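Close look at the chain arrangement
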Amino acid sequence: MTKPPAFRRAEPDARRLSLVEACARVLAREGVGGTSVRAIAVEAGVSAGLVGHYFSGIDALVAATYAHVEEQVSLAIDAAVDEAGSNPRARLEAFATASFRAPIADPQLLATWIAFWSLVRSRPDIARQHAQQYAAFRQRLEALLGECGVPAAGQGSAAIGITALIDGLWLELCLSPDAFGAAEAARIVRAALDTVISTGRSAG
């Protein structure tokens with residue numbers, strides 16, 4: 001018997017992805033309160049029964065959407081770091097400033113993240129995903145700081161501070177894009193990195 005073509009296996013994955021992307025759009029537009037299997041089915045142009053075929057319920061679909069969105073953000077940051085080449089400082093700057101331009105600096109993505117953040121206190125699974133995501137981000141930042149000469153003893157606190165600065169600037173950039181632009185946000189972060197690196201080297 002002839003085996004079916006391999007490309008047919010991708011169809012369920014494509015359908016699942018379309019539902020995840022529809023869930024992200026509904027979360028961004030309607031918030032958690034307006035996100036339901038029915039709303040996502042309408043957004044994706046499918047039946048509610050088809051959503052149930054791929055996900056056990058709305059909680060599972062939201063969790064999968066969180067994982068997908070986080071993966072896309074991580075891929076964008078990784079691409080920026082790769083484009084920076086091999087210079088440690090250039091790679092650190094690329095990592096720290098990637099959030100200030102597309103596809104991360106996007107009001108719709110912010111709206112989706114706000115929906116996820118609102119679930120952290122009520123959904124243990126989302127809280128775990130959130131903690132894992134931020135821990136991975138800080139660990140990567142710590143490694144890049146280390147490559148720039150920041151001693152291991154100071155990398156943790158430095159990564160926390162820089163992460164908070166990045167998040168704050170990203171929020172303001174998405175909420176108030178007329179107040180300042182990506183170039184100004186990047187300049188602020190680079191100045192903070194200068195301070196962290198010079199202080200770290202002096203302490204070391």
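About the thresholds
- Residues numbered from 1 in each chain as written.
- Predicted model: local features only at pLDDT ≥ 70, side-chain atom pairs only at ≥ 80, totals over all residues.
- Heavy atoms only, no water.
- Helix = DSSP H or I, 4+ residues; strand = E, 2+ residues; numbered from the N terminus.
- Buried < 20%, exposed > 50% of the residue type's maximum accessible area, 1.4 Å probe, protein only.
- Contact = heavy atoms within 4.5 Å.
- Areas by Shrake-Rupley, 256 points an atom, 1.4 Å probe, with all protein chains shown as cover.
- Lys, Arg positive; Asp, Glu negative; His and termini not counted.
- Charge placed at Lys NZ, Arg CZ, Asp CG, Glu CD.
- Phe/Tyr/Trp six-rings, centres within 6.5 Å; stacked < 30°, edge-to-face > 60°.
- Core = buried A, V, L, I, M, F, W, Y, C linked by side-chain atoms within 4.5 Å.

Quick look at the overall build of the chain
The secondary structure content of the chain amounts to 9 helices and 0 strands. In the chain, the succession of α and β elements from N to C terminus is α-α-α-α-α-α-α-α-α. Each principal axis of the C-alpha atoms in the chain carries an extent, and together these give about 65 × 45 × 30 Å. Relative to its 204 residues, the chain shows a buried fraction of 35%. Here the analysis covers contacts within the chain between residues at least 6 apart in sequence; of these, 66% occur between residues at least 24 apart. Accessible area of the chain: about 10,900 Å², with a carbon and sulfur share of 55%. For the chain, the separation between the mean place of its 19 positive charges and that of its 21 negative charges on side chains is 5 Å.

Details of the packing of aromatic side chains
The full count for this structure, using the stated rule, is 6 aromatic pairs. Between Trp-113 and Phe-116, the aromatic rings sit 5.7 Å apart at their centres with planes inclined by 75°, giving edge-to-face as the arrangement. With Trp-113 and Phe-116 both in helix H6 (residues 107-119) and 3 residues apart, this pair spans about one turn of that helix. A relative accessible area of 5% means that Trp-113 is categorised as buried. On the accessibility criterion, Phe-116 (0% relative accessible area) is buried. Here the aromatic residues Tyr-66, Trp-113, Phe-116, Trp-117 and Trp-170 are joined through ring pairs into a cluster of three or more.

Quick look at the nonpolar core
If you look at the biggest cluster of nonpolar residues, it comprises 57 residues, and the most contacted ones within it are Ile-77, Leu-92, Phe-100, Trp-113, Leu-141, Leu-145 and Trp-170. Counting only elements with at least two residues in this core, the list comes to helix H1 (10-30), helix H2 (37-44), helix H4 (58-83), helix H5 (88-97), H6, helix H7 (124-147), helix H8 (152-175) and helix H9 (182-203). Of the residues forming this core, the biggest block, 11 residues, is contributed by H4. Leave out the neighbours within four places in its chain, and Leu-92 touches Leu-141, Leu-144, Leu-145, Cys-148, Leu-193 and Ile-197.

Some remarks on unusual backbone geometry
In this model, Ala-102 is joined to Pro-103 through a cis peptide bond whose omega is 5°. Turning to its location among the elements, Pro-103 is positioned in the loop between H5 and H6.

A word on the environment of Glu-142
Following the sequence through the fold, Glu-142 ends up in helix H7. Of the residues examined, Glu-142 reaches a relative accessible area of 25% and is grouped as partly exposed. Separated by 12 residues in sequence, Glu-142 and Gly-154 have C-alpha atoms that sit 8.9 Å apart. Each residue touching Glu-142, except ones within four places of it in the same chain, is listed here: Gln-155, Gly-156 and Ala-159.

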